[in-house]
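Structural description and commentary
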Amino acid sequence: MLDVHRLRVFRSVVASGSVQAAATNLGYTPSAVSQHLTALQRETGLTLLAKAGRGLRPTAAGHALAAEADRVLARVGAAESLIADLRTGRTGTLSIAYFASVGAAWMPHVVRSVLTGFPGVRLDLQLREHIPDSREERADVQVVVAGGGFDPGPGFTAHHLLDDPYVAVVPVGHRLAGRTEADLVDLADERWVDNDFARGWCRANLLEACTAAGFRPAFRVEAHDYRTALAFVAAGIGLTVLPALGAAHLPEGVTCVRPAPPDADPVDPRGGGRRRRAHPGGPDGGRRPARRRPLRPTARC
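Residues numbered from 1 in each chain as written. Predicted model: local features only at pLDDT ≥ 70, side-chain atom pairs only at ≥ 80, totals over all residues. Heavy atoms only, no water.

1. Re the pairing of strand 8 (residues 166-171)
Note the following rule: Only protein chains enter the accessibility calculation, which uses a 1.4 Å probe; a residue whose area is less than 20% of its type maximum is buried, one above 50% is exposed, and one in between is partly exposed. A run of H or I in DSSP becomes a helix once it reaches four residues, and a run of E becomes a strand once it reaches two; helices and strands are each numbered from the N terminus. The rule for pairing is simple: two strands pair if DSSP sees at least two bridges between them.
Of all the 6 residues making up strand 8, 6 are buried; the element is thus mostly covered by neighbouring parts of the structure. In the sheet, strand 8 pairs with strand 12 (residues 240-243) via 4 bridges, with the strands oriented antiparallel. Opposite A168, over in strand 12, you have V241 as the bridge partner. Bridge count between strand 8 and strand 13 (residues 254-260): 4 bridges; the pairing is antiparallel.

Spelled out as structure tokens, the structure:
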């Protein structure tokens, strides 16, 4: 049977590149590290490391074992964490999955409230944009963004939390800065900063509204997340449109304007209605002025 402690030592050598560096990181003597490596290679019957200049590099077998050791050590770490929680009386568990902007806006307060009210609960927090197909992989509670008619699946119940309107974030010197609301078509000729690398529901909903308004956004910059996109806006690169939760903490030099799309039937917040696509143009092919209503992605858990 492999010694987990020797796996830790071996993994440190692979990561640091030498016995000396691993010894320094672990607080051991170099001879102690060498002894653990020798014992591990004897137990496995494999050559795991080879000399590379003044250091060591993993062999093909060493690379394979290092990858497996990462998974083993992660599971051991989880078990150690469980044991520590059980010793302090935390016997119940609650898993919560959430998407990124909710993590910044809500989750710290949610976690504090849960731990204060239920000190015996172990929390498992997961950053997740999608809902797993397998019931066994799903969290006890998941905060998701969804449209009308959302079906959480058998065995789960959906509760509507709020309608989160979109906002257009623009530089303070922008022609729309200072206005509380602007027609979505007013943004058609602007330089856009894409903010959803995952191509999630919020982005799809926004693009559908833009299509209904008769245009497709001209994305000039692709950002991985909302914070990066806001930094590009602050630098004057363009504007970005995102749910208001994602704009809860704005950098200096930007402001928000709420976009309003063309005419569309409202969606029943309980999921009973269906959005009708608006007509992008009138009989003459031009954009048709219409009743204005905010875009509203809906967060449901």
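2. Describing the sheet that holds strand 8
Through backbone hydrogen bonds, the strands of a sheet pair up, either in parallel or in antiparallel fashion. Spelled out, the test is: For every element, the axis is a line fit to its C-alpha atoms; helices are fit only across the contacting stretch, and the angle between N-to-C directions ranges from 0 to 180 degrees.
Spatially, the 4 strands line up as an open sheet ordered 9-13-8-12, and their pairing is mixed. Single-partner strands in this sheet number two, and they are strand 9 (181-183) and strand 12. Put simply, the sheet's adjacent strands are angled 40 degrees from each other on average, direction ignored. The pairing of strand 9 with strand 13 spans 3 bridges and is classified as parallel.

3. What to know about empty space enclosed by the protein
In plain terms, the rule: Every definition here rests on a 1 Å grid over the protein atoms only: cavities are sets of points where a 1.4 Å probe fits but cannot get out, pockets are open sets enclosed by protein on both sides within 12 Å along at least five of seven lines, and lining residues have some atom within 4 Å of a point. Grid points are joined across faces, edges and corners, and a volume is the space filled by probe spheres set on the points.
Tallying each qualifying case throughout the model produces 1 cavity of 30 Å³ or more. Approximately 70 Å³ is the volume found for the largest cavity. Lining the largest cavity are 13 residues, with N195, D196, R203, L206 and V241 sitting closest to its centre. At the level of secondary structure, the elements contributing two or more residues to the lining of the largest cavity comprise strand 10 (191-194), helix 7 (201-212) and strand 12.

4. Topic: the sheet that holds strand 3 (residues 92-98)
Here is the rule: By definition in these notes, contact holds between two residues if any of their heavy atoms fall within 4.5 Å.
The strand order 4-3-5 describes an open sheet built from 3 strands, whose pairing is parallel. Strands with a single pairing partner mark the edges of an open sheet, and in this sheet they are strand 4 (121-127) and strand 5 (141-142). Looking at chain direction, strand 3 and strand 4 are connected through 7 bridges and run parallel. Residue G92 lies in a different strand from strand 4, and its bridge partner there is V121. Lying over the sheet, helix 6 (residues 107-117) contacts strand 3 and strand 4, oriented at roughly 165 degrees with respect to strand 4.

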